[in-house]
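# Understanding the architecture of this molecule
Listed below are the residues making up each chain.
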Amino acid sequence: MTAQDQIKDTVDANDVVLFMKGTKVMPQCGFSSRVAGVLNFMGVEFRDVNVLADEGIRQGIKDYSDWPTIPQLYVKGEFVGGCDIITEMTLSGELDQLFDEKGVAYDKDAADKIREHNSE
């Protein structure tokens, strides 16, 4: 099975997938930590894929999405974006809307707390 096949299978089999450096419990870069932290804080169930554990996946995910950086978030098979995009979507409420549209469970109060904290 190629890296592309593995990536496609993972994206198709999980509602929310974060390709990241490290794991959701132990991120190994600040950008991955930020996105995993947002998802964890919002109570989103997600599959984490540590790209540092497999060079084929690390390069493969960049080719798969045609996006040059990691982390990369997928929701219901759709590439959403990297750290900057997820941060902006969280603060604008667009991430909540996406989760609502796609039927992904999350803690709305936690999402509101993130926005409150960042508006001060």
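For the structure, see preceding data.
Structural notes, computed from the coordinates. (Residues numbered from 1 in each chain as written. Predicted model: local features only at pLDDT ≥ 70, side-chain atom pairs only at ≥ 80, totals over all residues. Heavy atoms only, no water.)

Moving on, we get to the overall build of the protein. Each helix and strand counted, the protein has 6 helices and 4 strands in total. For the protein, the sequential pattern of α-helices and β-strands runs α-β-α-β-α-β-β-α-α-α. Relative to the 2.2 N^0.38 estimate, which gives 14 Å for 120 residues, the radius of gyration of the protein is 14 Å and therefore close to what a compact globule would have. Over its C-alpha atoms, taken along the principal directions, the protein stretches across nearly 45 × 30 × 25 Å. Here the protein, with 120 residues, has 41% of them falling under the buried criterion. Looking at the protein alone, contacts between residues at least 24 apart form 60% of all its contacts between residues at least 6 apart. Across the protein, 12 positive and 22 negative side-chain charges occur, with their mean positions spaced 3 Å apart. (Helix = DSSP H or I, 4+ residues; strand = E, 2+ residues; numbered from the N terminus. Rg over C-alpha atoms; globule rule 2.2 N^0.38 Å. Buried < 20%, exposed > 50% of the residue type's maximum accessible area, 1.4 Å probe, protein only. Contact = heavy atoms within 4.5 Å. Lys, Arg positive; Asp, Glu negative; His and termini not counted. Charge placed at Lys NZ, Arg CZ, Asp CG, Glu CD.)

Strand order in the open sheet formed by 4 strands is E2-E1-E3-E4, with mixed pairing between adjacent strands. On the outer flanks of this sheet lie strand E2 (47-50) and strand E4 (78-81), each paired with one strand and no other. Neighbour-to-neighbour, the strand axes of the sheet open up by a mean angle of 25°, direction not taken into account. Along the sheet, helix H4 (residues 83-92) contacts strand E3 (72-75) and E4; its crossing angle with E4, the most-contacted strand, is approximately 85°. (Pairing = 2+ DSSP bridges. Axes fitted to C-alpha atoms, helices over the stretch in contact; angles between N-to-C directions.)

Tallied over the full model, the rule gives 5 aromatic pairs. Between Tyr74 and Phe79 the ring centres are 5.3 Å apart and the planes differ by 50°, which places this aromatic pair in the tilted class. Seen from their ring centres, Phe99 and Tyr106 are 5.6 Å apart, and the 45° between their planes marks the pair as tilted. Neither Phe99 nor Tyr106 differs from the other in exposure class; each is buried. Here a set of aromatic residues connected by ring pairs shows up, and it is made of Phe19, Tyr64, Trp67, Tyr74 and Phe79. The ring of Phe46 has Lys24 lying over it, and the distance from NZ or CZ to the ring centre is 4.5 Å. (Phe/Tyr/Trp six-rings, centres within 6.5 Å; stacked < 30°, edge-to-face > 60°. Lys NZ or Arg CZ within 6 Å of the ring centre and 35° of its normal.)

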